Amino acid sequence: MKRIITLITLAGACVAVQAQKQVIDVDAAPALAFYATKEWQQAFMGYYGVDTGVEPGIPEDQREREVLGQVRDLLQTGADADLRAAVGAVEALIREQQAAGTNTSPMMLQIAGTLEMRNAEVTKDQARAKQSIARAERYLKQAINPNTGFPNFKRAHKNLANLLFRNDKAKEAKVHFVKAIELGDRDAVSFGILGAIYMEEGKLVSAESALRNSLMINPSIPQFKQLLGNVLLQQERYAEAKEIFAEMLQKTPNEATFWMAQANCYIALDEIDQAARNLEIVRFMGKSNVPSLMLLGDVYMNKDMVDEATEVYLEAIAMDPSPSYINSFIGAAKTLNNYIAYEQGMSVIEKIQAVYKNNLDEEDEIELLSLSSEINISLGKGAEAAANLEALLKRDAFNGRALLNLARYYGDLEAGATVTDEIERTRLKREYEQRAILYYERAQNLDDLMDRRRAYIGEAQLRVQRNELDKAADLLETAQGLEYHENVQAYLNQIRDALKNRRRS
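As the structure is a computational prediction, the values presented were derived from the model and not from experiment.

Criteria and thresholds
- Residues numbered from 1 in each chain as written.
- Predicted model: local features only at pLDDT ≥ 70, side-chain atom pairs only at ≥ 80, totals over all residues.
- Heavy atoms only, no water.
- Phe/Tyr/Trp six-rings, centres within 6.5 Å; stacked < 30°, edge-to-face > 60°.
- Buried < 20%, exposed > 50% of the residue type's maximum accessible area, 1.4 Å probe, protein only.
- Helix = DSSP H or I, 4+ residues; strand = E, 2+ residues; numbered from the N terminus.
- Contact = heavy atoms within 4.5 Å.
- Expected span 1.5 Å × (residues − 1).
- Arc of directions from axis to C-beta.
- Core = buried A, V, L, I, M, F, W, Y, C linked by side-chain atoms within 4.5 Å.
- Polar contact = N/O pair within 3.5 Å; in protein donor to acceptor, adjacent residues only side chain to side chain.

**Structural notes on the packing of aromatic side chains**
- One pass over the full model with this rule turns up six aromatic pairs.
- Centroid distance Tyr325 to Phe329: 6.1 Å. Interplanar angle 45 degrees. Geometry classified as tilted.
- Judged by relative accessible area, which is 18%, Tyr325 ranks as buried.
- For the ring pair Tyr410 and Tyr439, a centre distance of 6.1 Å and an interplane angle of 10 degrees mean the geometry is stacked. Of this pair, Tyr410 sits in helix 21 (residues 400–412) while Tyr439 sits in helix 22 (residues 422–443), placing them 29 residues apart in sequence.
- Among the aromatic residues, ring-to-ring pairing joins Tyr325, Phe329 and Tyr356 into one connected group.

**Here's the deal with the side chain of Ser214**
- By the element assignment, Ser214 lies in helix 10 (residues 204–217).
- For Ser214, a relative accessible area of 0% puts it in the buried group.
- Other than its neighbours up to four places away in sequence, Ser214 contacts Ala188, Phe191, Gly192 and Phe224.

**A look at helix 12 (residues 238–251)**
- With 14 residues, helix 12 should cover 20 Å at 1.5 Å per step; its first-to-last C-alpha distance of 20 Å lies within 8% of that length.
- Every buried residue of helix 12 is listed here: Tyr238, Ala241, Lys242, Ile244, Phe245, Met248 and Leu249. Looking down the long axis of helix 12, one finds its buried residues gathered within 160 degrees of arc, a one-sided arrangement. Residues of helix 12 that are exposed and point over 90 degrees away from its buried face: Gln250 and Lys251.

**Looking at the nonpolar core**
- Counting 107 residues, the largest nonpolar core has Val90, Leu115, Phe177, Tyr313, Phe329 and Ile352 as its most contacted members.
- Leaving out residues up to four positions away in the same chain, Tyr313 has contacts with Met294, Gly297, Asp298, Met301, Ala332, Leu336 and Val348.

**Notes on the side chain of Arg463**
- Tracing the backbone shows Arg463 in helix 23 (residues 449–465).
- For Arg463, the side chain forms a polar contact with the side chain of Glu468, separated by 2.6 Å.
- Once residues within four sequence positions are removed from consideration, Arg463 is found in contact with Ile437, Glu441, Glu468, Lys471, Ala472 and Leu475.

Here it is as structure tokens:
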């Protein structure tokens, strides 16, 4: 099954919300859910009949006719006990025929398989249900066996297809659904389930065609309409998908899945306010999941509603501290930090640490420690943050964020107010700057190109403060060689002009 979640990206000071992925499961689950509906039960009960056009007729064997009459009488009551009695009668007949060396007719085998399918549905004992399913599959395959059965037995193909699909054998089920349709089956269920199978295989055009056929035959099956909406989402036909889910919401306004699916359509169509409305409705209903809350938080960030976004992020973290979500939660803290929402970012970090406690792996611990130290430096808690970063470097000597943050911290650090002697203050300032340069030089040897580039630019800025313009120009040229940026080039040009003026004077 494809589990698909909306991606949120940060660019500069803006969160770009993209609907490349969904906050709902875009998979065949609605098709499986159909088997629990009243519509399925009504359709299923019709499988005991005979369609003489593409099926064998009523059995000629007198004993089979007698048992068939018993089965019909028993099934009329609708009682589970009578269903089990019908299953027992058919099984007894098959054992008699096997003992006598007589072949069971394809029609009786189809009925036996269908009864076993139904018996498996009502049996509470899982072991017995599994046995019924195995017998049902065996009987139905015998009914269409070219040597002993009726290979063009439409109803047997159809029943077998449903049985296989329900038991996670979709690839094999597809063969029998296609065969049943070739034989003239025009049931909405067959087209609908076939559409679900094609969807899972990534054959979206075939899936759409099958689902539209299903809805044309019976437009009242909501599971197949939902699947059509999912197929349109996967094809990025968001305007059409939006309308599908709008229709479904008119009939079932309490279905959170439809609100979330439509929210993704709105995001793709750049209708952010509508997306926020949908996601807040889901939240009000108490049916949010972590992906929908994270998406809502990102939508709020896109609207510069930082406090509202933070509240939603915190709610998501408390909802499900699963390892699969940790990167999304850390990403939220990074987003807030990039927005200079330091206190909110720290609240998210503290929430992550409190909820996950000892369940964070070392990489995530390092990431959080590095990020929290960066925020603390920005909040003026530099000494504490620097101590944490230096401790972090003992665990991860090549942590680019730690190296760069320590370099910036020491580059900006001034002697404390207790140091009143100007010479001593200057000496300490130089000492701090030299320590910053050492951290920049370590970062310049990292594998990550962006960290190396930042390290060259950071040291260049520090060299400018020290009036070491020649060195600063060399560092910026190296940074431009790694990746060219217009703003860096403009800064470099200013330094070169300053050097020219200095040489003239």
